Amino acid sequence: MAVFNFYSASCVLLLLTLSWRTSTGLPVRTGLSAEKYGDCSLLFKTLLLNISELLSNDVFCYGITANKMVVKSQTETVLACAPTLTQNSSCILQRNSSFSESECLGNIMKDLDHYAAAIQSYMNSPLRSPKEEVALLTPTLEIIKSLRKNCSLKPNEENDSSEEDAANMWGNDTFSNRQEMVKMMRGFYVRTITINRAMGYIASGDHRK
């Protein structure tokens, strides 16, 4: 399955692609220590690889050929994590205010809350291949759990609304559930690309220049 066909063509993501550069030469000034930041950055890269592998797995994607995706999370991560523009742009969603590391990281954590709740809820719904699907999705949940525990500015905060929303996402038809799950994971894949770029942008220190 060609997961790399799912890049968004939106104006903001194009700006992110052109503007962000990854660098570790400058100190990181977030609520995380430099050591923890490095660990979190590595975990996010691991999460991206994990989702890519899920989307190419025959057990998980059996019988599903459409290349549709949907971003279920209602956060503002794309805009909150966009770099501050230094030139005039016709992009409707351009950032007019200064970049906020805490706002960006806060939205990222809300994304993780949502997808963790959605995946857990899916695992509790009727499944075509319960043993195989749970085994495939459990590592994803473990990575998200580590990120939420070690990389959140508010590690003890619970997001009950995400759990409530996720509980209503799945029905009794296993094929329909898998189809929606695959579309959601494709959206999560694209969102995780954005998150990895955001982490690189924060590390570069460009927003403090």
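Residues numbered from 1 in each chain as written. Predicted model: local features only at pLDDT ≥ 70, side-chain atom pairs only at ≥ 80, totals over all residues. Heavy atoms only, no water.

- The chain has the name Interleukin-12 subunit alpha in an unreviewed UniProt entry, where Cottoperca gobio is given as its organism.
- Taken verbatim from the UniProt record of the chain, the Sequence similarities (unreviewed entry) comment is "Belongs to the IL-6 superfamily."
- In its Subcellular location (unreviewed entry) section, the UniProt record describing the chain reads: "Secreted". (UniProt positions renumbered as here; feature names shortened; annotations may be inferred.)

### Some thoughts on the overall build of the chain
So, step 1. Within the chain, the secondary structure is distributed over eight helices and zero strands.
So, step 2. In sequence order, the chain lays out its α and β elements as α-α-α-α-α-α-α-α.
So, step 3. Classification of the 209 residues of the chain by burial places 45% in the buried group.
So, step 4. Sequence separation of at least 24 residues holds for 84% of the intrachain contacts in the chain that already meet a minimum separation of 6.
So, step 5. In the form shown here, the chain has an accessible surface area of approximately 10900 Å², with 50% of it arising from carbon and sulfur atoms. (Helix = DSSP H or I, 4+ residues; strand = E, 2+ residues; numbered from the N terminus. Buried < 20%, exposed > 50% of the residue type's maximum accessible area, 1.4 Å probe, protein only. Contact = heavy atoms within 4.5 Å. Areas by Shrake-Rupley, 256 points an atom, 1.4 Å probe, with all protein chains shown as cover.)

### Considerations on helix α8 (residues 174-204)
So, step 1. A rise of 1.5 Å per residue sets the reference length of α8, with its 31 residues, at 45 Å; its end C-alpha atoms lie 44 Å apart and thus fit the reference within 8%.
So, step 2. Of all 31 residues in α8, 25 are buried, a share of seventy percent or more. (Expected span 1.5 Å × (residues − 1).)

### Description of the nonpolar core
So, step 1. With 46 residues, the main nonpolar core has Phe44, Leu47, Ile119, Met181 and Met185 as its most contacted residues.
So, step 2. Of all elements in the fold, only α2 (34-54), α3 (58-61), α5 (101-123), α6 (130-150) and α8 reach the threshold of two or more residues within this core.
So, step 3. No other element matches the 13 residues that α8 contributes to this core.
So, step 4. Filtering out sequence-adjacent residues up to four positions away, leucine 47 remains in contact with Leu112, Thr140, Ile143, Ile144, Leu147, Phe188 and Thr192. (Core = buried A, V, L, I, M, F, W, Y, C linked by side-chain atoms within 4.5 Å.)

### Some details on the pattern of salt bridges
So, step 1. Evaluated as defined, the whole model comprises three salt bridges.
So, step 2. For the salt bridge of glutamate 180 with lysine 183, the shortest nitrogen-to-oxygen distance reads 2.9 Å. Of the two residues, glutamate 180 and lysine 183 both sit in helix α8, three residues apart, roughly one turn of that helix.
So, step 3. Under the relative-accessibility criterion, glutamate 180 is labelled partly exposed at 24%. (Salt bridge = Lys/Arg side-chain N within 4 Å of Asp/Glu carboxyl O.)

### Examining the packing of α5 against α6
So, step 1. In contact at an axis separation of 10 Å, α5 and α6 are set at 155° when each is read in the N-to-C sense. Taken together, the axes of α5 and α6 lie roughly antiparallel to each other. Seen along the crossing, α5 lies across α6 with a hand that is left-handed. Between α5 and α6, the contacting residues are Met109, Leu112, Asp113, Ala116, Ile119, Gln120, Tyr122 and Met123 on the first element and Glu133, Val134, Leu137, Thr138, Thr140, Leu141, Ile144, Leu147 and Arg148 on the second.
So, step 2. Tallied by class, residues from the contact of α5 with α6 come to 11 nonpolar, three polar and three charged. (Axes fitted to C-alpha atoms, helices over the stretch in contact; angles between N-to-C directions. Parallel < 35°, antiparallel > 145°, perpendicular 65-115°, else oblique. Left-handed = near helix turned anticlockwise from the far one by under 90°. Nonpolar A, V, L, I, M, F, W, Y, C, P; charged D, E, K, R; others polar.)

### Considerations on the packing of aromatic side chains
So, step 1. Counted according to the given criterion, the structure contains three aromatic pairs.
So, step 2. A ring pair is formed by tyrosine 115 and phenylalanine 188, whose centres lie 4.0 Å apart and whose planes are at 10°; its orientation type is stacked. In this pair, tyrosine 115 sits in helix α5 while phenylalanine 188 sits in helix α8, placing the two residues 73 residues apart along the sequence.
So, step 3. Taking relative accessible area as the criterion, tyrosine 115 reaches 0% and is therefore assigned buried.
So, step 4. Considering the side-chain rings of tyrosine 122 and tryptophan 170, the 5.1 Å spacing of their centres and the 70° angle between planes classify their relative orientation as edge-to-face. (Phe/Tyr/Trp six-rings, centres within 6.5 Å; stacked < 30°, edge-to-face > 60°.)

### Some points on the state of the cysteines
So, step 1. Applying the stated criterion to the full structure yields two disulfides.
So, step 2. Shown here is the disulfide that connects cysteine 40 with cysteine 151, its sulfur atoms set 1.9 Å apart. Between cysteine 40 and cysteine 151, the disulfide has an S-S torsion of -105° and is therefore left-handed. Residue cysteine 40 is located in helix α2, and its partner cysteine 151 is located in the loop between α6 and α7 (160-167); the two are separated by 111 residues in the primary sequence. (Disulfide = S-S within 2.5 Å.)

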